[in-house]
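What follows is each chain in one-letter form.
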Amino acid sequence: MKTALWNSPTDRYMNVITVENLTKKFGSFTAVDNISFEVGKGEIFGFLGANGAGKTTAMRMLCGLLKPTSGKGIVAGYDIRSESENVKASIGYMSQKFALYEDLKVWENIRLYAGIYGVPEKDIAPKTDELLKELGFEGEKETLVKSLPLGWRQKLAFSVSIFHEPKVVFLDEPTGGVDPVTRRQFWEMIYKASDKGITVFVTTHYMDEAEYCNRVSIMVDGRIDALDSPANLKKEFNATSMDEVFRKLARKSKNNEL
Amino acid sequence: MRQFLVFVQKEFYHIFRDRWTTLILLVLPIVMIILFGFGITTEIRNTKFAVYDPSRDIATQGIVNKLETSEYFSLDRYVTSPNEIEPLFRDGEIGFVVVLGENFYENLLHTGNAKIQLIADGTDPNTASTLTSYATILLSSYQQELTGTAGGTIPYQIKTEVRLLYNPSLKSAYNIVPGIMGMILMLICALMTSVSIAREKELGTMELLLVSPMKPILIILSKLVPYFTISIINYITILLLSVFVLKVPIAGSLVLLSALSLLFIFVSLSIGILISSLVEKQIVALLISGMILMMPAVFLSGLMFPIESMPVVLQWISHILPVKWFIIAVRNVMIKGLGFSSIIREVLILTGMAAVIITLSLKKFKYRLE
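Given the structure is predicted, the values throughout are model-derived calculations rather than measurements.

What counts, and at which threshold
All residue numbers refer to position in the chain's written sequence, counted from 1. To read the labels, note that chains go from A and ligands from 1, taken in the order they are written. Totals for whole chains, interfaces and linings use every residue, but because this is a predicted model, local features are given only for residues with pLDDT of at least 70 and side-chain atom pairs only at 80 or more, for both listing and counting. Only heavy atoms go into the side-chain values, all of them from the structure, while hydrogens and water stay out. Think of it this way: DSSP has to see at least two bridges between two strands before they count as a pair. Where helices and strands are cited, they refer to DSSP runs of H or I of at least four residues and of E of at least two residues respectively, numbered from the N terminus. Classification of ring pairs uses Phe, Tyr and Trp, with its six-membered ring standing for Trp, and accepts pairs whose centres are within 6.5 Å; under 30 degrees between planes counts as stacked, over 60 as edge-to-face, and the remaining range as tilted. The buried label applies to any residue whose accessible area, calculated with a 1.4 Å probe on protein chains only, is under 20% of its type's maximum; exposed applies above 50%, and partly exposed to all values in between. Throughout this description, the term charge over a ring refers to an Arg CZ or Lys NZ atom that lies within 6 Å of the ring centre and within 35 degrees of the ring normal. Between Lys or Arg on one side and Asp or Glu on the other, a salt bridge is scored when a side-chain nitrogen of the former is within 4 Å of a carboxyl oxygen of the latter. Should any heavy atoms of two residues lie within 4.5 Å, those residues are counted as being in contact. Definition of a polar contact: a pair of N or O atoms within 3.5 Å, with one able to donate and the other able to accept a hydrogen when the atoms are protein atoms, and with sequence-neighbouring residues admitted only if both atoms are side-chain atoms.

Is there a simple way to explain the pairing of strand E4 (residues 70-75) of chain A in this structure?
Where a strand is regular, its side chains alternate between the two sheet faces. Residue and element names in this part refer to chain A. Both strand E1 (residues 15-26) and E4 contribute to a ladder of five bridges, which runs antiparallel. The partner of Ile17 across the bridge, within E4, is Val75. Pairing analysis gives two bridges linking E4 to strand E5 (residues 78-79), with the strands arranged antiparallel. In the sheet register, Val75 faces E5, and the bridge partner there is Tyr78. Where E4 hands over to E5, the hairpin turn is made up of two residues, of which Ala76 adopts a positive phi near 55 degrees.

I tried to follow the packing of aromatic side chains on my own but got confused; where do I start?
By convention here, two paired aromatic rings are described through the distance between centres and the angle between planes. Tallied over the full model, the rule gives 18 aromatic pairs over all chains. Summarising the aromatic geometry, the rings of Phe45(A) and Phe47(A) are spaced 6.4 Å apart at their centres and angled 35 degrees between planes, so their arrangement reads as tilted. You'll find Phe45(A) and Phe47(A) in the same group, each marked buried. Aromatic pair Tyr72(B) and Phe73(B): ring centres 6.3 Å apart, planes at 70 degrees, arrangement edge-to-face. Overall, Tyr72(B) belongs to the partly exposed group, its relative accessible area being 23%. Lying over the aromatic face of Phe7(B), Lys10(B) brings its terminal NZ or CZ to 4.3 Å of the ring centre. For Lys324(B), the ring lying beneath its charged end belongs to Trp325(B), and the centroid distance is 4.6 Å.

How should I be thinking about the pattern of salt bridges in this particular structure?
Proximity of charged atoms lets side chains of opposite charge pair with each other. Residue and element names in this part refer to chain A. For the structure shown, the criterion picks out 26 salt bridges over all chains. Across the pair Lys127 and Glu165 runs a salt bridge, and its minimum N-O distance is 3.1 Å. Residue Lys127 is located in helix H4 (residues 121-135), and its partner Glu165 is located in the loop between helix H5 (150-161) and strand E7 (168-172); the two are separated by 38 residues in the primary sequence. According to the relative accessible area criterion, Lys127 is partly exposed, its value standing at 23%. We classify Glu165 as exposed; its relative accessible area is 60%. With its nearest N and O atoms 3.3 Å apart, the salt bridge here joins Lys141 to Asp129. With a gap of 12 residues between them, Lys141 in the loop between H4 and H5 and Asp129 in helix H4 connect regions that are remote in the sequence.

How should I be thinking about the interface of chain B and chain A in this particular structure?
You'll often see interface size given as the accessible area lost when the parts meet. If you look at the interface, chain B gives 25 residues, while chain A gives 30 residues. Remark: the boundary between chain B and chain A carries four salt bridges. Notably, a salt bridge pairs Arg60(A) with Glu207(B), separated by 2.9 Å at the nearest N-O pair. Across the contact surface, chain B and chain A share 12 residue pairs in polar contact (both at pLDDT 80 or more). Put simply, the parts of the chain that give the side of chain B that touches chain A at least two residues each are helix H1 (2-17), helix H7 (173-203) and helix H8 (205-211) of chain B.

So far we have only geometry, and geometry alone does not tell us how the molecule works.
Structural data, given as structure tokens:
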């Protein structure tokens, strides 16, 4: 589709996420096993893995929701262990499950999150109008979210998650249940965000979406078994699609769910 | 601070956008107090009774007169045979039946052993026992009069006077108001709060809020503000309705009563938080609040049935219900007009409960974030 900013030589060294030997244990079960990776500014980083591979746990640690058992993580320049409040203020988050407050109007939802993330009061109204115009939602400002179609809600939810211009946005299966056309539009929005320099950390179940990412990591049993650009991964695993790469890797899993 | 205000505003949107929530919060309390205050009364007034009187002498006439002239009862009919009694109850028109023995007056004079039987409908034991005890009081007072006039040998006539303290006209509203107040405050604070927090969890928005820079304690506090505000409004509504519509005066200090209610609101809100920290689904929060809080509150708090007549086990259970202590304290202050010294025990218990519940729920909430 297009080249993202992180490919430029200067930005390559500006890592927004740095993870070293990050581990999370729940009792004797190791959910995340000693993972290390870096994500550059404006990069679209795909985070793949079967259910139970440890994706969600890793992501929750990066968002400051879970404390790691050991290892280190820096997100947007802040330590996820000791500065989780700062981390929270510098990131955006959107999940499939969350699709805004249904009984609030479109602008009220935007207003609420802008308020929570401390967007200056005077900027909120003009930015809201700008955003709605960009989405083509001008006529829906006063509409209750529950009367919007699912695809629209997801697009709006994504816009809301980056309304405060975070350094990183975490997307947890953002396109679940959305039709292909809307998914396509959704990814165009992701690219736009990445162009603005926002790092996108995305988990997904759709392998065609993995192809859209700049780099992809694949988790198996809590470890990262592969991490490279989709093209390189396909070459390395001698596969024609990301789907094939994923299947070859997932087969190695102890608790195989595929 | 702005975060907080924005969030509080959102909670109010949730409440007022949902017609049912608004109805429950603002209209239900009014309906409940009117219904309980007027409709469902335990007081006795103009209850109809029937008489089976084979003797028809001066004494039995006197007894029937005595009953009929009271404001509690009115004579419906005489029955001519005991067989007619049961059908009367089946029709449900009659509160109780007075069965007098044969040769009543003669027996009374000579053997001193005249028999009266009161038959009431035991399917509603509360009403039945109230009816019979009222009637018994009237009968014994007639007996006193009779010994006075007919015997003539007793120079000093002893007259039993029954005086009912605090509620001289036996208005059940006196009993109902503190109970309704406790139930409504509990309903709004504990139930609505726990459901509203559980809803955020169920929809997944709680996760999003936890990822945000908003402090968890602020999230909880801003959830409480609307329900706290509405509880205060309801408290005032209930008081106004009791005083001006049900004519139940506030005998004690209004300040003390309000402080007491604030304490109880605080306890109820913390119960709401505790419940919501334990459950993930709205329906579970609803069931727990409903089954574990409201039902026992209705049955075990002394609102409907006297606690003293319950089995010991149930009496113990009733001790752990905050609403029970609140009702006792409100009765003392509002109805009996007693001062702070009369409710020290209740205030201490409620304060202790609040402390324990808050500690528990904060612990639980923190744990969930780890």
